Amino acid sequence: MTENGNAEQLDVLVIGAGPGGYVAAIRAAQLGKQVAIVEKDTVGGVCLNRGCIPSKALISAAHQYEAMTQSAGIGLTAAEVSVDFAKVQAWKQSVIDKLTGGVSSLFKGNKIKRLQGEAKLVDANLVEVKNGAETTQYRFRHGILATGSRPVELKAFPFQGRILSSTEMLALAKLPESLLVIGGGYIGIELGQTFAKFGTKVTILEGSDAILPGFEKELSRLVARKLKKLGVEVQTEAVAKRAEQTDDQVIVTYAAKGEERQATAEYVLVTVGRRPNTEGLGLESLPVKLTERGFIQIDEQCRTSIPHLYAIGDLVEGPALAHKASYEGKIAAEVIAGKDSRLGDKKIPAVVFSDPEIASVGLTESEARERGHDVAIGKFPYAANGRALSLNVGEGFVKLVADKATGLVLGAQIIGPEASNLIGEVGLAMEKGHTLTDIAETIHAHPSLGEIIMEAAEGALGHGIHQLNK
Ligand SMILES: Cc1cc2nc3c(=O)[nH]c(=O)nc-3n(C[C@H](O)[C@H](O)[C@H](O)COP(=O)(O)OP(=O)(O)OC[C@H]3O[C@@H](n4cnc5c(N)ncnc54)[C@H](O)[C@@H]3O)c2cc1C
């Protein structure tokens, strides 16, 4: 153990190397700061190792499998298509390894000092990093807390044996025969649907009256329809009560429609939310304020109540999304480097990589009306887009929400293939204060899915070409 007095002095210390922490470290280094980053696990955080990337890899494998087996409608049939799930998992891991390897190289290239171990603040300028039996202390001038979040554990469903969090679910070595998902949020839907495509019998229990609460019903309805087609049983207004594990299955008792019911599955996946990793960091002894919901409180520049300590990502309020964490990481790094960067009123897109895919940014129609806008809506279906039909993906729509008087784009919801990529154009329009006319006057390549955004804008202006204007 290094003694307090001669602990190495660091300029910027980042705790946690997820999308918040690693981006903050790189940005601070770009701005000439000397940076050290502590990570107790693998770099890349939840997103790269057990979140965004592995889930999307499995989703795309399931999607390709579905395309191989379900393309008879366009004249393609394949015999003896099979899934080698161990190989799928190995490929998924290779994607993760490439990306985490990339982050490590960026650390080296940017001369960022990588400290392996678990960090705990001793005081507001001193941290101890525990790696196995060894504990080393470092003094630092500026600190960025980016320790992320972990799955919420339900008391009656502790993560053990056949009751899994998303982490274990993503790492299953074998495809399960059956799966019961508790929680119809985006993680539950993405994973439930993926395993259903691979042939697992899936049941989803959701407490509210529809899956994907938080998204408009006209979107979640299309996902519900696809789930039904895949043979997934969705129970809404269903509250999971208790579980009983046997050697090869779990029996779950839940309440729905005023009665107690039971469902049996090989595994239970609990995805009912995530909780910030504020414990064990040594914060208890420091005057760092938490919000009512237990997140670290920050100001417009990501500063906590201790001015030289910053917090970003899943540790702070707002949507628990990787791109939000990274954006906050850049702000914190820039502020430390003396820039006057602020979070501002940023529009954060949200995507569900369900089938069909959902993406949303800005205000929905009802939110815009609630805020007093006279609203112009442009809705255009994939079914009227040549590229969508040539891709054999004619389901879904784009709904653009704008202010009628000014034409300013206020938001969009997209459901359909590539929604995650299409939403970027609307985000840019909103960021730069563009109008429906700006989008309509932009030439979009033909045939492309992007034309759907242009046609939605034209529709809102009353001069759509490929659909009748009301
Ligand atoms: C299944 C799943 C799918 C997801 N899919 C998406 C998606 O498609 N798109 C999206 O935007 N978001 C997605 N997310 C959310 C996304 O992963 C998180 O929002 C993001 O990872 C948050 O980044 P972060 O930097 O705040 O924290 P994290 O990624 O949680 O990283 C925190 C890091 O800090 C380390 N750490 C914690 N405590 C200490 C300590 N004391 N000392 C040292 N190191 C420590 C941890 O080991 C971890 O590596 C998904 C999440 C899950 C679980």
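Since we're looking at a predicted model, the values are computed, not measured.

Colleague: Even after reading the chapter, I still don't get the overall build of the protein, so can you show me in this structure?
Modeller: Of the regular secondary structure elements, the protein holds 13 helices and 22 strands. For the protein, whose C-alpha radius of gyration is 24 Å, the value lies close to the compact-globule estimate of 23 Å for 470 residues. With the C-alpha coordinates of the protein rotated into their principal frame, the extents come out at 75 × 60 × 45 Å. Taking all 470 residues of the protein together, the buried fraction comes to 50%. Put simply, 62% of the contacts in the protein that link residues at least 6 apart link residues at least 24 apart. As displayed, the protein has an accessible area near 22100 Å², and 50% of this comes from carbon and sulfur atoms. A distance of 2 Å separates the average location of the 51 positive side-chain charges in the protein from that of its 56 negative side-chain charges.

Colleague: For this particular structure, what's the right way to read the site of the ligand?
Modeller: Around the ligand sit 38 residues, and of these Gly20, Glu39, Lys56, Ala119 and Ala322 come closest. Here cysteine 47 contributes a backbone N or O atom positioned 3.3 Å from an oxygen atom of the ligand. One of the backbone N or O atoms of leucine 321 is found 3.3 Å from an oxygen atom in the ligand. Look at the ligand: alone it shows 1000 Å² of surface, and the protein chains cover 96% of it. Counting only elements with at least two residues in the shell around the ligand, the list comes to helix H1 (19-30), strand S2 (35-39), helix H2 (45-50), helix H3 (52-69), strand S4 (118-123), helix H6 (186-197) and helix H8 (322-336). Partitioned by chemical class, the residues of the shell around the ligand number 16 nonpolar, 14 polar and 8 charged.

Colleague: How should the nonpolar core be read in this particular structure?
Modeller: Among soluble globular proteins, nonpolar side chains are generally buried collectively. Of all hydrophobic cores here, the largest spans 32 residues; its most connected members are Met169, Leu179 and Val223. Only H3, helix H4 (85-109), helix H5 (166-170), strand S9 (178-182), H6, strand S10 (201-205), helix H7 (217-229) and strand S15 (267-270) provide two or more residues apiece to this core. With residues near it in sequence (within four places) discarded, methionine 169 still touches Leu164, Pro176, Leu179, Leu191, Phe195 and Leu269. Counting residues in hydrophobic clusters, the runner-up holds 29 residues, among them Ala17, Tyr22, Ala24 and Leu48.

Colleague: Even after reading the chapter, I still don't get the packing of H3 against H6, so can you show me in this structure?
Modeller: How two helices pack is summed up by the angle between their axes together with the distance between the axes. Closest axis-to-axis distance for the H3/H6 pair is 9 Å, and the angle between their directions is 35 degrees. Crossing of H3 against H6: the hand is left-handed. Residues Ser55, Lys56, Leu58, Ile59, Ala62, His63, Tyr65 and Glu66 of H3 pack against Glu190, Leu191, Thr194 and Lys197 of H6. Residues of the contact of H3 with H6, tallied by class, amount to 5 nonpolar, 3 polar and 4 charged.

Colleague: What is the right way to look at the state of the cysteines in this model?
Modeller: All told, the structure shown has 1 disulfide when counted by the stated rule. The structure places no disulfide on cysteine 302, whose sulfur is separated from the nearest cysteine sulfur, that of cysteine 47, by 18 Å.

Colleague: What is the right way to read the packing of aromatic side chains from this model?
Modeller: Overall, the coordinates contain 3 aromatic pairs when judged by the stated rule. With centroids separated by 5.6 Å and ring planes inclined at 75 degrees, the aromatic side chains of phenylalanine 85 and phenylalanine 198 adopt a geometry described as edge-to-face. With phenylalanine 85 in helix H4 and phenylalanine 198 in the loop between H6 and S10, the pair connects residues that are 113 residues apart, well separated along the chain. Judged by relative accessible area, which is 5%, phenylalanine 85 ranks as buried. Judged by relative accessible area, phenylalanine 198 falls into the buried class, the value being 8%.

Colleague: Honestly, the environment of asparagine 110 in this entry has me stumped. Any pointers?
Modeller: Relative to the assigned elements, asparagine 110 resides in the loop between H4 and strand S3 (113-116). When the C-alpha atoms of asparagine 110 and histidine 308 are compared, they prove to be 22 Å apart, with 198 residues separating the residues in sequence. With residues near it in sequence (within four places) discarded, asparagine 110 still touches Ile26, Ala29 and Gln30.

Colleague: Explain H6 to me, please; I cannot follow it from the model alone.
Modeller: Because the α-helix completes a turn every 3.6 residues, residues three or four places apart line up on one side. Taking 1.5 Å of rise per residue, the 12 residues of H6 would be expected to cover 16 Å, and the 16 Å separating its terminal C-alpha atoms lies within 8% of that figure. A large share of H6 lies buried, amounting to 10 of its 12 residues. At the exit of H6 stands glycine 199, carrying a positive phi of roughly 110 degrees.

Colleague: In this structure, what is going on with the side chain of threonine 271? I would like to understand it.
Modeller: Looking at the element boundaries, threonine 271 is found in the loop between S15 and strand S16 (274-276). A residue is classified by how much of its surface remains accessible, and threonine 271, at 13% relative accessible area, is buried. A distance of 3.4 Å separates a polar atom in the side chain of threonine 271 from the backbone oxygen of glycine 183. Among the polar contacts made by the side chain of threonine 271, one reaches the main-chain amide nitrogen of glycine 188 at a distance of 3.5 Å. Discounting residues that sit within four places of it in the chain, threonine 271 has contacts with Val181, Ile182, Gly183, Ile187 and Gly188.

Colleague: How do you make sense of the environment of histidine 373 when you look at a structure like this?
Modeller: Along the chain, histidine 373 falls in the loop between helix H9 (365-370) and strand S20 (375-381). Once residues lying within four places of it in the same chain are set aside, the contact partners of histidine 373 are Leu363, Ala368, Asp403 and Leu410. In terms of polar contacts, histidine 373 uses its side chain to reach the side chain of aspartate 403, at 2.8 Å.

Colleague: Any chance you could explain the side chain of glutamate 190 here in plain terms?
Modeller: Take glutamate 190: it is sitting in helix H6. Among the polar contacts made by the side chain of glutamate 190, one reaches the side chain of lysine 56 at a distance of 2.8 Å.

Colleague: Any chance you could explain the pairing of strand S22 (residues 409-415) here in plain terms?
Modeller: Side chains on a regular strand alternate between the two faces of the sheet. Counting buried positions along S22 gives 7 out of 7 residues, so the element sits mostly inside the fold. In the sheet, strand S19 (residues 358-362) pairs with S22 via 5 bridges, with the strands oriented antiparallel. Bridging across to S22, serine 360 finds its partner in glutamine 413. Where strand S21 (residues 397-403) and S22 come together, 6 bridges link them in antiparallel fashion. The residue bridging leucine 400 from the neighbouring strand is alanine 412, located in S22. Linking S21 back to S22 in an antiparallel pair, the connection comprises 5 residues, with glycine 407 at a positive phi of about 80 degrees.

Colleague: Whenever I open this one, H8 confuses me. Can you help?
Modeller: Its 15 residues place the ends of H8 21 Å apart at the C-alpha level, agreeing with the 21 Å of an ideal helix rising 1.5 Å per residue. Within H8, 11 of the 15 residues are buried, which leaves the element mostly enclosed by the surrounding structure. Among the residues of H8, Lys324, Ala325, Ser326, Glu328, Gly329, Ile331, Ala332, Ala333, Glu334, Val335 and Ile336 are the ones counted as buried. For H8, the elements touching its buried residues are strand S1 (8-15), H1, strand S6 (134-145) and strand S17 (309-311). Once H8 finishes, glycine 338 follows within two positions and takes phi at roughly 95 degrees, a positive value.

What counts, and at which threshold
- Every chain begins its residue count from 1, and numbering advances along the sequence as written.
- Local features in a predicted model are, by the rule used here, given only for residues with pLDDT of at least 70; side-chain atom pairs are given and counted only at 80 or more, and totals for whole chains, interfaces and linings are based on all residues.
- Side-chain metrics in this entry use all non-hydrogen atoms of the structure; hydrogen atoms and water are not considered.
- Secondary structure counts use DSSP, requiring at least four H or I residues in a row for a helix and at least two E residues in a row for a strand, with both numbered from the N terminus.
- With C-alpha atoms as the basis for the radius of gyration, the globule rule is written as 2.2 Å multiplied by the number of residues raised to the power 0.38.
- The buried label applies to any residue whose accessible area, calculated with a 1.4 Å probe on protein chains only, is under 20% of its type's maximum; exposed applies above 50%, and partly exposed to all values in between.
- When checking whether two residues touch, look at their non-hydrogen atoms; a contact exists if any pair is within 4.5 Å.
- Under the convention used here, a 1.4 Å probe and the Shrake-Rupley method define accessible areas, while residue burial counts only the protein chains that appear.
- In this tally, Lys and Arg are treated as positive and Asp and Glu as negative; His is ignored, and so are the chain termini.
- Here the site of a charge means NZ on Lys, CZ on Arg, CG on Asp, or CD on Glu.
- Here a residue counts as near a molecule or strand whenever at least one of its heavy atoms sits within 4 Å of it.
- Polar contact is defined as a pair of N or O atoms within 3.5 Å, subject to the rule that within protein one atom must be able to donate a hydrogen and the other to accept it, and that residues adjacent in sequence are counted only when both atoms are side-chain atoms.
- Three residue categories are used. Nonpolar comprises Ala, Val, Leu, Ile, Met, Phe, Trp, Tyr, Cys and Pro, charged comprises Asp, Glu, Lys and Arg, and polar comprises the others, including Gly.
- Nonpolar core, defined: a set of buried Ala, Val, Leu, Ile, Met, Phe, Trp, Tyr and Cys residues in which side-chain atoms within 4.5 Å join the residues together.
- To get an axis, fit a line to the C-alpha atoms, keeping to the stretch in contact for a helix; angles then go from 0 to 180 degrees between the N-to-C directions.
- In a left-handed crossing the near helix is turned counterclockwise from the far helix by less than a right angle, and in a right-handed crossing that turn is clockwise.
- The disulfide criterion used throughout: a pair of cysteine sulfur atoms within 2.5 Å.
- Ring geometry is summarised as follows: Phe, Tyr and Trp rings, the Trp one being its six-membered ring, pair when their centres sit within 6.5 Å, and such pairs are stacked at plane angles under 30 degrees, edge-to-face over 60 and tilted between the two.
- Working rule for helices: expected span equals 1.5 Å times residues minus one.
- Strand pairing follows a simple DSSP-based rule, namely that at least 2 bridges must link the two strands.

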